[in-house]
Amino acid sequence: LALARREWLLETLERQRDLAPSAVGIERRAGLSADEFLERYYAANRPVILTGEMKDWPALKLWTPDYLKARVGPAVVEYQDGREADPRFERDKDAHRAYGRFDTFIDRIRAPDAGNNAYMTAYNAAANAEALAPLAADLGRLDKFLAPDAAGMMWIGPAGTLTALHHDLTNNLIAQIAGRKRVLALPAAEVGRLYNDQHVFSRLTDLEDPALDFAAFPRLNGARAYPVTLEAGEILFMPLAWWHQVRSLSFSVSLTYTAFRWPNDAAPSFPSG
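So, here's what we can say about the structure. This is a predicted model, so every value here is computed, not measured.

Scoring rules and cut-offs
Position numbers for residues start from 1 in each chain and track the written sequence from start to end. Residues qualify for local features only when their pLDDT is at least 70, as the model is predicted, and side-chain atom pairs are given and counted only at 80 or more; totals for whole chains, interfaces and linings, by contrast, use all residues. Hydrogens and water are ignored here; the side-chain numbers use all heavy atoms of the structure. Each residue's exposure class comes from its accessible area (1.4 Å probe, protein chains only) as a fraction of the maximum for that residue type: buried when under 20%, exposed when over 50%, partly exposed otherwise. Only DSSP runs of H or I reaching four residues or more are called helices, and only runs of E reaching two or more are called strands; each is numbered from the N terminus. This arc is built from the directions going out from the helix axis to the C-beta atoms. Every residue pair with non-hydrogen atoms within 4.5 Å of one another is taken to be in contact. Charge convention: Lys and Arg are scored as positive, Asp and Glu as negative, and His as well as the terminal groups of each chain are ignored. By definition here, a salt bridge exists when the distance from a side-chain nitrogen of Lys or Arg to a carboxyl oxygen of Asp or Glu is within 4 Å. Polar contacts, as used here, are pairs of N or O atoms within 3.5 Å; protein pairs need one atom able to donate a hydrogen and one able to accept it. Residues neighboring in sequence count only if both atoms are side-chain atoms. Note on aromatic contacts: the rings of Phe and Tyr and the six-membered ring of Trp form a pair at centre separations within 6.5 Å, being stacked when their planes are under 30 degrees apart, edge-to-face when over 60 apart, and tilted otherwise. Whether a charge sits over a ring depends on NZ of Lys or CZ of Arg being within 6 Å of the ring centre and within 35 degrees of the ring normal.

Before going further, it helps to examine helix α5 (residues 102–109). Buried residues of α5: F102, D103, F105, I106 and I109, and no others. With its buried residues spanning 160° around the axis, α5 presents them on a single face. Residues of α5 that are buried in the fold lie against α4 (65–72), β3 (76–80), β4 (97–101) and β5 (153–157).

Mapped onto the fold, D138 is located in the loop between α6 (125–128) and β5. Buried within the structure, D138 lacks any salt-bridge partner; R71 is the closest side chain of opposite charge, at an N-O distance of 4.7 Å. Polar contacts involving the side chain of D138 include one to the side chain of W63, which spans 2.9 Å.

Next up on the list: the pattern of salt bridges. Going through the model one piece at a time under the given rule, you end up with 25 salt bridges. One salt bridge in this structure joins E53 and K144, with 3.0 Å as the shortest N-O distance. Of this pair, E53 sits in the loop between β2 (48–51) and α3 (59–62) while K144 sits in the loop between α6 and β5, and the two are 91 residues apart along the sequence. Here K144 falls in the partly exposed class, since its relative accessible area comes to 30%. Note that D81 and R108 form a salt bridge whose closest N and O atoms lie 2.7 Å from each other. One end of the pair, D81, is in the loop between β3 and β4; the other, R108, is in helix α5, with 27 residues separating them in the sequence. Residue R108 is classed as partly exposed on the basis of its relative accessible area, which comes to 34%. Salt bridges sharing partners connect three or more residues here, namely E11, R15, D18, E190, R193 and R224.

Counted under the stated rule, the structure contains 14 aromatic pairs. Aromatic pair F237 and F260: ring centres 5.9 Å apart, planes at 80°, arrangement edge-to-face. With a gap of 23 residues between them, F237 in strand β12 (residues 234–238) and F260 in the segment after β14 (252–257) connect regions that are remote in the sequence. Chaining the aromatic ring pairs together yields one cluster made of F37, Y42, F145, F237, F260 and W262. Across from the ring centre of Y195, 4.0 Å away, lies the NZ or CZ of R219, which sits over that ring.

Here you go:
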């Protein structure tokens, strides 16, 4: 009964938001001030796409596969591999750690049939900090939103890579440097419809899978989902606890940031088990 009441409360609050079109969906905003970002989006737990914030970053023009190969060269990097054969590839990410030369990795993900196998993700960021350091000079700063020492976590992969449906325990900025990604985002309040079964993951990997059997997952009916195509030069603010899945539409390089100017410290209090 307590869970049913909690689900009623979340659904009722979402229906209340639905009354105002300006309160739902995901806006694109240019020239957003730090104060408005905090009040309208960060504190309100509402996503937004920031445009124009990276217009002066050299990376937007430079970061082609050939350029990245030339800058990083044969340095050994860590990435995820063998993902397509494992439907739990996100949960089993430790088992998918792989190592190889960066230039060889780039050649591999440029192949037309690269798919969802090899992908350098934020999970590999700490191991790759030294190897990818030559790329830092091509990046600017986002001081309106981030702490002065904020460092981005790199995602590099081919068309077809998928980040499975999940929510994060932090607020995130997803900065798209090269290529395009499709993001499907669902409000945190939709948790009761999304079959959360382990940690931050859903039993459902891909809500856009044509083979998805909606009859087997009846609670999905009516779930509010907002699709976004994130273009190079755009930054998506993905709030804490919003569910999302991400698919690369082309060769793609992204950076994610979590070191905001404001508190972003919910993860330690997340119930384990």
